[in-house]
Amino acid sequence: MMPLFAVICRDKPGHLQTRLDTREKHLAFLGENPGLQLAGPFVENGSPVGSLLIVEAADLGSASNWAEKDPYNIAGLFASVEVVEWKKVIG
């Protein structure tokens, strides 16, 4: 089994419409990745404000390259993207 990486993305304030406009492309992109373990938005006051994705990849560089290709990232939604190795312990 390859290592897991957490992709932690924070949306730019005031960019909800960018998220909504790009959502279908983002979901299609995620569906094309068999290494994706889980994904979902961070939510504040009922609105999405970022994303957390857990992805299986050969190494940190591969996971980072994958994250760069996310349509949300390409559309300029994210203020920041952090990719760190993550180890599943429970669940």
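Our subject is the structure that appears above.
Attention here is on the structure that accompanies the text. This structure is a prediction, so every number in the text was calculated from the model and none was measured. (Residues numbered from 1 in each chain as written. Predicted model: local features only at pLDDT ≥ 70, side-chain atom pairs only at ≥ 80, totals over all residues. Heavy atoms only, no water.)

What follows deals with unusual backbone geometry. Within the chain, Asn 45 stands out as a residue other than glycine whose phi angle is a positive 55 degrees. Note on placement: Asn 45 falls in the loop between β2 (36–44) and β3 (47–56). (Helix = DSSP H or I, 4+ residues; strand = E, 2+ residues; numbered from the N terminus.)

So, about the pairing of strand β1 (residues 4–11). Taking burial as the measure, the eight residues of β1 include six buried ones, the bulk of the element. Bridge count for β1 against β3 is seven bridges, and the pairing is antiparallel. From the neighbouring strand, Phe 5 faces β3, where its bridge partner is Val 55. Where β1 and strand β4 (residues 78–86) come together, eight bridges link them in antiparallel fashion. Looking across to β4, one finds that Leu 4 is bridged to Trp 86. (Buried < 20%, exposed > 50% of the residue type's maximum accessible area, 1.4 Å probe, protein only. Pairing = 2+ DSSP bridges.)

Quick look at the side chain of His 26 now. Secondary-structure assignment places His 26 in helix α1 (residues 16–31). Judged by its relative accessible area of 7%, His 26 is buried. Residues in contact with His 26, not counting those within four places in the same chain, are Asp 70, Pro 71 and Tyr 72. (Contact = heavy atoms within 4.5 Å.)

Interpretation in functional terms is not warranted from these geometric data alone.
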